[in-house]
Amino acid sequence: MNNCSIIIPHYNGEDILLRCLKSLLQHTENNHEIIIVDNASADNSIEIIKRQFPQIRIISNKTNLGYAEGCNIGAEQAKNEYLIFLNNDTEVSENWINPLINTLNDKNVSSVQPKIKNLNQRDYFDYAGGSGGYIDVFCYPFCRGRIFRTVEKDTYQYESETEIFWASGTAFATKKEVFIAAGMFDLSFFAHMEEIDYHWRCQMMGYKIMANPSSTIYHEGAQTLSYESSKKTYLNHRNSLITFFSNHNIILILVLFIPRIIMHFTSTIADLLSLKINHAFAQIKAIYSVIFNIPHIIKKRHLNQKIKKRNYHLYGVFKGSIVINYFLLNKKKYSQY
């Protein structure tokens, strides 16, 4: 049995962190390392953890470095060859870790995610990952069990262990050696979509990404950043565009650029018409941020040239537009694709 280092990035929320750790200690063998990377929490959560769980390792950052850099710091200091990134607003279930390890033992697999269900509605998939992540050619992500805001009830329709495009940052296991070699998470992302960007690079390196629904965890989303937050809107749109320009080949970027930008501004106009002014400006701000990040994007593309294999194959890319299929053709479920 391979030992894992379970890395939990944390920023405030003593109740959710306590709930997460209690489920972890109940359902996880003692041989696995648990690391909390605290991003300068302003509450008493870390003091409480030190008192109640002295066996848990804590890494304290002086400022809020976000999910991406927090996880990178935890990964660099982790003792074990397998890493599990786990959100602090999760609960694990019995025998959650062994199926992930079994899948990861395949030398061709870089990462694997469990089935992720909603903590408050436990018979439904969770927004952040469902039963495995996919992407369309314009870099809009979706999942088995969740497309945009349509979340399916889990009737065991997605129980197969299967190859996917990306494993959810809410909970996934990966190999430390691969994580370091791929360049880890992009620090500029701060939070949101860094796992999609990472798993694109893993596929460039010739690895498979898997979902194993034999493992189940529960997630209560938006505990650190609300779904209604304009900052979340900004990060999602900016990071999606950076992913698009960093990883697609030049020919595809030239072909897809205009329709991708049209979709972006259509979303902006929709927010304006809905009087979501902060969200609309967040999307405009995302465009400006991408422009200022052009040197960073060029640097990432050079990294990709160094790590990618010749004739690599991207699995889990929907060749059309998930936006058009969802909003215009009314295809709301993964099973319709």
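Just above, that's the structure.
Overview of the structure. The structure presented is a predicted model; accordingly, all values stated were derived computationally and were not measured.

Conventions we followed
Residues numbered from 1 in each chain as written. Predicted model: local features only at pLDDT ≥ 70, side-chain atom pairs only at ≥ 80, totals over all residues. Heavy atoms only, no water. Axes fitted to C-alpha atoms, helices over the stretch in contact; angles between N-to-C directions. Helix = DSSP H or I, 4+ residues; strand = E, 2+ residues; numbered from the N terminus. Left-handed = near helix turned anticlockwise from the far one by under 90°. Contact = heavy atoms within 4.5 Å. Nonpolar A, V, L, I, M, F, W, Y, C, P; charged D, E, K, R; others polar. Polar contact = N/O pair within 3.5 Å; in protein donor to acceptor, adjacent residues only side chain to side chain. Expected span 1.5 Å × (residues − 1). Buried < 20%, exposed > 50% of the residue type's maximum accessible area, 1.4 Å probe, protein only. Salt bridge = Lys/Arg side-chain N within 4 Å of Asp/Glu carboxyl O.

**Here we look at the packing of helix H7 (residues 230–247) against helix H9 (residues 277–292)**
Thought 1: Two elements in contact, H7 and H9, have axes separated by 8 Å at closest approach and are oriented at 30°. By crossing handedness, the relation of H7 to H9 is classed as right-handed. Where H7 abuts H9, its residues Ser230, Thr233, Tyr234, His237, Arg238, Leu241, Ile242 and Phe245 lie against Asn278, His279, Ala282, Gln283, Lys285, Ala286, Ile287, Ser289 and Val290.
Thought 2: When grouped by side-chain class, the residues that make up the contact of H7 with H9 number 8 nonpolar, 7 polar and 2 charged.

**Thoughts on the side chain of asparagine 118**
Thought 1: Position of asparagine 118 relative to the elements: it lies in strand E6 (residues 109–118).
Thought 2: Here the side chain of asparagine 118 touches glutamine 121 through a polar contact of 2.8 Å, landing on its backbone nitrogen.

**Structural notes on H7**
Thought 1: With 18 residues, H7 should cover 26 Å at 1.5 Å per step; its first-to-last C-alpha distance of 26 Å lies within 8% of that length.
Thought 2: Burial analysis of H7 places 15 of its 18 residues in the buried class, the great majority of the element.
Thought 3: For H7, the side-chain oxygen to backbone nitrogen distance between the N-cap and lysine 231 is 3.1 Å, and the N-cap itself is serine 229.

**Some remarks on the pattern of salt bridges**
Thought 1: Inspection of every chain in the model, using the stated rule, returns 11 salt bridges.
Thought 2: Note that lysine 117 is salt-bridged to aspartate 154, the shortest N-O span being 3.2 Å. Placement of the pair is lysine 117 in strand E6 and aspartate 154 in the loop between strand E10 (150–151) and strand E11 (162–164), with a sequence separation of 37 residues. The pair formed by lysine 117 and aspartate 154 is uniform in burial state, with each residue classed as buried.
Thought 3: Note that lysine 300 is salt-bridged to aspartate 197, the shortest N-O span being 2.8 Å. With a gap of 103 residues between them, lysine 300 in helix H10 (residues 294–307) and aspartate 197 in helix H6 (residues 194–204) connect regions that are remote in the sequence. Comparing lysine 300 with aspartate 197, the two get one shared label, buried.

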